[in-house]
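Observations on the three-dimensional arrangement
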Amino acid sequence: MDTVGIVGAGQMGSGIAEVVAVAGVRAVVHEPEPGPLHASEERITASLAKAVDRGKLDPRDASRAAERIVYTTRLDDLAQCQLVVEAVTEDRTIKCEVFRTLDARLPPDVILASNTSSIPITTLAQATSRPDRVLGLHFFSPVPVMALVEIVPGYATCHGVIEATEAFARQLGKHAIRSKDRAGFIVNLLLIPYLVGAVHLYDAGYATRENIDEAMTLGCGHPMGPLALCDFIGLDVIGGICACLYEEYGRDEFAAPPLLRRMVAAGALGRKAGRGFYEYAPARPVALASR
Ligand SMILES: NC(=O)c1ccc[n+]([C@@H]2O[C@H](COP(=O)([O-])OP(=O)(O)OC[C@H]3O[C@@H](n4cnc5c(N)ncnc54)[C@H](O)[C@@H]3O)[C@@H](O)[C@H]2O)c1
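About the criteria used
The written sequence of each chain sets the order in which its residues are numbered from 1. Since the coordinates come from a predicted model, pLDDT governs what is reported: local features require at least 70, and pairs of side-chain atoms require 80 or more to be given and counted, while whole-chain, interface and lining totals use all residues. Derived side-chain values reflect all non-hydrogen atoms in the structure, with water molecules and hydrogen atoms excluded from consideration. We count a salt bridge whenever a side-chain nitrogen from Lys or Arg sits within 4 Å of a carboxyl oxygen from Asp or Glu. Relative accessibility decides the category of a residue: with a 1.4 Å probe and only protein chains considered, values under 20% of the type maximum give buried, values over 50% give exposed, and everything between is partly exposed. Strands are runs of DSSP state E lasting at least 2 residues, helices are runs of H or I lasting at least 4, and numbering of each runs from the N terminus. Here, axes are lines fitted to C-alpha atoms. For helices the fit covers the stretch in contact, and angles between N-to-C directions go from 0 to 180 degrees. Just so you know how the angles are binned, under 35 degrees is roughly parallel, over 145 roughly antiparallel, 65 to 115 roughly perpendicular, and the rest oblique. For any helix crossing, the convention is left-handed if the near helix is rotated counterclockwise from the far helix by under a right angle, and right-handed if that rotation is clockwise. In what follows, a contact means two residues having at least one pair of non-hydrogen atoms within 4.5 Å. For this scheme, ten residues count as nonpolar: Ala, Val, Leu, Ile, Met, Phe, Trp, Tyr, Cys and Pro. Four count as charged, namely Asp, Glu, Lys and Arg, and the remainder, Gly too, count as polar. Only heavy atoms are used to decide nearness, and a residue is near a molecule or strand if one of them lies within 4 Å of it. Think of a polar contact as two N or O atoms within 3.5 Å of one another; within protein, one of them needs to be a possible hydrogen donor and the other a possible acceptor, and neighboring residues in sequence only count if both atoms come from side chains. Here the rule is simple: two strands pair whenever DSSP picks up at least two bridges between them. Seen with the strands pointing away from the viewer, any crossover whose path from the first strand over the helix to the second strand runs clockwise is right-handed.

Looking at the pattern of salt bridges
Working definition: two side chains of opposite charge can pair if their charged atoms are close together. A complete count under the given rule lists 14 salt bridges for this structure. Glu-210 is paired through a salt bridge with Arg-209; the nearest N and O atoms lie 2.9 Å apart. Residue Glu-210 is classed as partly exposed on the basis of its relative accessible area, which comes to 32%. Put simply, Asp-236 and Lys-272 hold a salt bridge, and the shortest N to O gap is 3.0 Å. Note that Asp-236 is positioned in helix α10 (residues 235–249) and Lys-272 in the segment after α11 (258–265), a separation of 36 residues in sequence. On the accessibility criterion, Asp-236 (26% relative accessible area) is partly exposed.

Here it is, written out as C-alpha cells:
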C-alpha cells in the first residue's frame, strides 16, 4: 500500500492516520466538515510531539510523517487509495451509509475496511457492490501504542483481500489476529461484560470509582481500571458496542447499564468530552495517543 484513506477523524481515525504516516504510507483523512479535521491534525501533531519527547521517534521522521497526511472534506480525494479504513461513529445505520457512499464513489478495486468494534462485517459489506473486497480491520486505542489488530473477513471476503490487509498490518508494525465475523469479534466479546459489570458495581454504590479501578490495577495488574478505561474508550462508543452485542446474543451481560445511557444522554462521554466517570481538563484538544 502506498496511499491509504481514513474516513472519520476522531480518536481512532486520527491514531490510524498517524501510524499509517509513520510507516511511510500516505494517509488521506476524510470528514464531511472541516472542524473535526482541524481537531484531528492537532491531536496527531500532539501525539507525534510526545513520541519525539519520549525518544520513540526521530524529529525528522515525525515531520516527514506529518507531511504524509492530507486532510480533506472531498470524498473524491480518496480515489487514489488502495485501501480505505472507515472509522466513523459506532452506529450501523451511519456506517452502512458511509459504505454505500464509498462504494459508489471509489474505483471497484479499492479495499474497504471497517474499524468497527462490534458490528458484523457482512452487514456493512452488503451495503456495497463489492462484498468480496470488504473486511474488518480493528485497531485498538491508543493506536500508536497498541500492537494488536483484529482482521475480520466477512462472509464473502476473498482470500487475496485478507492477505493484502494482513500484509498491510505488518507494514504498520502491528500484530494481526483473525476473528470470525460475530458481533464484538474476540476482544470486545470478552471486554464489554467486564466493563458493564464495573458500571453496575459503581451504580449500585458497591465502592468508589477509585476503589473499583484500584481493584483491577493493583489487584490484577491491569494498566487502567475499568471505569477509567470506559472514559478512555468513550461512553458513546461503549453504548454502541453494547447495543450491537445485545442484538446479536440477547444476553444481559451485554446490555448498556442505565447509568451509562444517562451519562451518554448528558454528554458525559469520557475523556473526549472532559467528563465521564472522572473529570478531565482541558476538554480539548486532548492528546489521547499517550506513549
Ligand atoms: N474509542 C476506542 O477506544 C475504539 C477502539 C477501537 C475501535 N473503535 C471504533 O472506531 C470507530 C470510531 O470510534 P472513535 O472512538 O474514533 O469515535 P469518535 O467519536 O472519536 O470519532 C468518530 C468520528 O466519525 C466522524 N463521522 C461521523 N459520521 C461521519 C461520516 N459520515 N463521514 C466521515 N466522518 C464521520 C465524526 O465526526 C467523528 O470525528 C467506531 O467504530 C469505534 O467502535 C473505537
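Topic: the packing of α10 against α11
The N-to-C vectors of α10 and α11 enclose an angle of 130°; their axes lie 9 Å apart at closest approach. Here α11 runs oblique to α10, going by the angle between their axes. In the crossing of α10 with α11, the sense of the turn from one axis to the other is left-handed. Contacts between α10 and α11 involve Leu-235, Asp-236, Ile-238 and Gly-239 from the first element and Leu-260, Met-263 and Val-264 from the second. Taken together, the residues that form the contact of α10 with α11 break down as five nonpolar, one polar and one charged.

Overview of the site of the ligand
Residues in close proximity to the ligand total 23 residues, the closest being Met-12, Glu-31, Glu-90, Lys-95 and Ser-117. Note that an oxygen atom of the ligand is positioned 2.5 Å from one of the side-chain N or O atoms of Glu-90. A distance of 2.7 Å is found between an oxygen atom of the ligand and a side-chain nitrogen or oxygen belonging to Lys-95. The class makeup of the residues in the shell around the ligand is ten nonpolar, nine polar and four charged.

Some points on the sheet that holds strand β8 (residues 175–178)
Across the sheet, which stays open at both edges, the eight strands sit in the order β3-β2-β1-β4-β5-β6-β7-β8 with mixed pairing between neighbours. Pairing within the sheet leaves two strands with one partner each, and these edge strands are β3 (69–72) and β8. For this sheet, the mean angle separating the axes of adjacent strands, direction not counted, is 25°. Both strand β5 (residues 111–114) and strand β6 (residues 134–139) contribute to a ladder of three bridges, which runs parallel.

Here's the deal with the environment of Arg-182
Inspection of the secondary structure assignment puts Arg-182 in the loop between β8 and α7 (187–203). When its relative accessible area of 41% is taken as the criterion, Arg-182 is described as partly exposed. A C-alpha to C-alpha distance of 8.9 Å links Arg-182 and Val-152, two positions 30 residues apart in sequence. Beyond its immediate sequence surroundings of up to four residues, Arg-182 is in contact with Glu-248 and Tyr-249.

What to know about the pairing of strand β2 (residues 26–30)
In terms of burial, β2 is a largely internal element, four of the five residues being buried. Of the strand pairs in this sheet, strand β1 (residues 3–7) and β2 are connected by five bridges, and their pairing is parallel. What sits directly across from Val-7, in β2, is His-30. Once you follow β1 into helix α1 (residues 11–22) and on to β2, the crossover reads as right-handed. Where β2 lies against β3, four bridges are found, and the strand directions are parallel. The residue bridging Ala-27 from the neighbouring strand is Ile-69, located in β3.

A short note on the packing of α1 against helix α2 (residues 34–53)
The relative placement of two packed helices is expressed as an angle between their axes plus a distance between the axes. Running from N to C, α1 and α2 point in directions that differ by 50°, and their axes come no closer than 9 Å. It follows from the interaxial angle that α1 and α2 lie oblique. For the pair α1 and α2, the sense of crossing is right-handed. Contacts between α1 and α2 pair Gln-11, Ser-14, Ala-17, Glu-18 and Val-22 from the former with Ser-40, Arg-43, Ile-44, Ser-47 and Leu-48 from the latter. A per-class count over the contact of α1 with α2 returns four nonpolar, four polar and two charged.

A look at the side chain of Thr-3
As for its placement among the helices and strands, Thr-3 is situated in strand β1. Judged by relative accessible area, which is 4%, Thr-3 ranks as buried. Among the polar contacts listed, one links the side chain of Thr-3 to the side chain of Asp-2, at a separation of 2.9 Å.

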